[in-house]
Amino acid sequence: MNMNIYPVNITTQKDIHDVCEKIGTDTRALAYLVPKSRILHLYADNIDFRAAGFLKQEMLARGGDVAVTKHVIDGKAERSDILVMATQTQLRSLQEKLKAMDIWGLKEFREKLAEVVKGLAVNEWTMISPAGHTITLSLNTKLMAILNLTPDSFFAESRIDEKGILSRAEECLNDGAYILDVGGESTRPGAEAVSESEEMTRLLPALKTLRKHFPDALISIDTYKPEVARMAVSEGADMINDVSGFTFTEGMPEVIGELKVPYVLSHTTGSPQEMAKQESHEDIVRELQEYFSEKLAVLEDAGVRREQVIIDPGLGFGKGERENFAVLKEIESLRVWGRPVLLGHSRKRFTGTERLAGSLGVSAMMAGRVSLLRVHDVKENAAALRVGEAIRNA
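The structure reproduced in this document is the subject of the present report. (Residues numbered from 1 in each chain as written. Predicted model: local features only at pLDDT ≥ 70, side-chain atom pairs only at ≥ 80, totals over all residues. Heavy atoms only, no water.)

Looking at unusual backbone geometry
- The backbone of Trp104 shows a phi angle near 60 degrees, a positive value even though the residue is not glycine.
- Note on placement: Trp104 falls in the loop between α4 (88-98) and α5 (106-121).
- The partly exposed category is assigned to Trp104, whose relative accessible area is 32%.
- In this model, Phe246 sits at a positive phi of 50 degrees, which is unusual for a non-glycine residue.
- Note on placement: Phe246 falls in the loop between β9 (239-242) and α9 (252-259).
- Among the residues examined, Phe246 registers a relative accessible area of 10% and is labelled buried. (Helix = DSSP H or I, 4+ residues; strand = E, 2+ residues; numbered from the N terminus. Buried < 20%, exposed > 50% of the residue type's maximum accessible area, 1.4 Å probe, protein only.)

What follows is the structure in structure tokens.
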């Protein structure tokens, strides 16, 4: 038999377990092999040049490495972004060394690194809604179905009225939706705002009908208005999906903290009337890091537990095609807070001229990388996820 050498894809613990089982490795060795099997690439910005040099030397000594700006060595750069390349074992060793180092900003780096490593290790989440329903999320990607009680949502076929919501909800649940997301106001770029009373008139009767006919269904309400959120939860809503990141109105963090309801925290750059003018970003991935860190701190100050929050990068909300694809490419960067990630990519402009096909491509690519996909076409997206998951789990 000829000798063959070829690469294999090792991205999860299951991958290394499967390969070692094929080889016949002693199972006791897995405890040592698993931490060495995956190289983490961690980007850190604004590091003191002395700390950058120190970290590079420490990682080299452990078999890893750190990329730094070329002027770290001659001291011409006071600060440097860095790229840490290391296994979990090497990172743990570095963290131990850093416990004795409180100079050059290394204490802050150590604390932040510990938070990130801990966050990235979380891949299962359980939330209990005020309605008493259990919401279980993981990296086995699930679908959130879009139910628009609006006359002006950008995808006309998604628009329904109170009479049609039961048949649409039943269809979505049968096709594989895990959560129903009901909205009473369009937030597409350029959309006109509706009043609080009008939104309640659209939402609340439909919510009552859904809860009566589907008592065990998980129901999310798409709103950025605190009082609409309050009334919706009183009528049995399990989750609040706020596309505004609590920026369009005041008081949402306090209401979410009071209600103890699961909350989707989204990134946006302005109101629907403004966001189309703000699609260019110098570094959208870094911007999201700063945005969500700040927003999570505000929520915690308002009494919202981190365990209530789901992260949504707000695809299409004040982002151009380049920014949207950059977010998708680096989607794991949003897991550093240890929270599940939701994506709302369905039929948006950046998916191309054939929007359903483009959306399904994104869904298949995101299988196993995010917890929830918010979609219009449940049946088709469920099929795309099955293919993506089959490849991932092969």
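What to know about the nonpolar core
- Residues Leu55, Ile82, Phe109, Val182, Ile221, Ile240 and Leu265 are the most contacted members of the largest nonpolar core, which totals 84 residues.
- In this view, Leu265 contacts Gly245, Phe246, Phe292, Lys295, Leu296, Leu299, Val309, Ile310, Ile311 and Asp312; residues no more than four positions away in its chain are not counted.
- Membership of the second largest hydrophobic core comes to 13 residues, among which are Trp125, Met239, Val264 and Leu372. (Core = buried A, V, L, I, M, F, W, Y, C linked by side-chain atoms within 4.5 Å. Contact = heavy atoms within 4.5 Å.)

Comments concerning the sheet that holds strand β6 (residues 142-148)
- Taken in spatial order, the eight strands line up as β11-β10-β9-β8-β7-β6-β13-β12 in an open sheet, and their pairing is parallel. At either margin of the open sheet sits one strand with a lone partner, and together these are β11 (309-312) and β12 (342-343).
- Bridging between β6 and strand β7 (residues 177-183) involves six bridges; their strand directions are parallel. Along β7, the bridge assignment pairs Asn148 with Gly183. (Pairing = 2+ DSSP bridges.)

Topic: the packing of α4 against α5
- For the pair α4 and α5, the least separation of the axes is 10 Å and the interaxial angle reads 145 degrees. As α4 runs across α5, the sense of the crossing is left-handed. For the pair α4 and α5, contact is made by Leu91, Leu94, Gln95 and Leu98 and by Leu106, Phe109, Arg110, Leu113, Ala114 and Val117, respectively.
- Grouping the amino acids of the contact of α4 with α5 by side-chain chemistry returns eight nonpolar, one polar and one charged. (Axes fitted to C-alpha atoms, helices over the stretch in contact; angles between N-to-C directions. Left-handed = near helix turned anticlockwise from the far one by under 90°. Nonpolar A, V, L, I, M, F, W, Y, C, P; charged D, E, K, R; others polar.)

Here we look at the pairing of β9
- Across the two faces of β9 the burial is the same, with Met239 and Asn241 and Ile240 and Asp242 all buried.
- The sheet contact formed by strand β8 (residues 218-222) and β9 spans three bridges and is parallel. Following the sheet pairing, Ser220 is matched in β9 by Met239.
- Assessed by its sense of winding, the connection that carries the chain from β9 through α9 to strand β10 (residues 263-266) is right-handed. (Right-handed = clockwise from strand over helix to strand, strands pointing away.)

Concerning the packing of aromatic side chains
- In this structure the tally under the stated criterion is five aromatic pairs.
- Measuring from centroid to centroid gives 6.4 Å for Phe54 and Trp104, while their planes differ by 65 degrees, and the two rings are edge-to-face. In this pair, Phe54 sits in helix α3 (residues 49-61) while Trp104 sits in the loop between α4 and α5, placing the two residues 50 residues apart along the sequence.
- Using a relative accessible area of 16% as the deciding quantity, one classes Phe54 as buried.
- When the centroid spacing of 5.0 Å and the interplanar angle of 75 degrees are considered together, the rings of Tyr224 and Phe248 count as edge-to-face. Taken together, the residues span a long stretch of sequence, with Tyr224 in the loop between β8 and α8 (226-234) and Phe248 in the loop between β9 and α9 at a distance of 24 residues.
- Since its relative accessible area comes to 9%, Tyr224 is described here as buried.
- Using a relative accessible area of 22% as the deciding quantity, one classes Phe248 as partly exposed.
- Among the aromatic residues, those joined into a ring-pair cluster are Tyr291, Phe292 and Trp337.
- Lys142 extends its terminal NZ or CZ atom over the ring of Tyr178, reaching a point 3.8 Å from the ring centre. (Phe/Tyr/Trp six-rings, centres within 6.5 Å; stacked < 30°, edge-to-face > 60°. Lys NZ or Arg CZ within 6 Å of the ring centre and 35° of its normal.)

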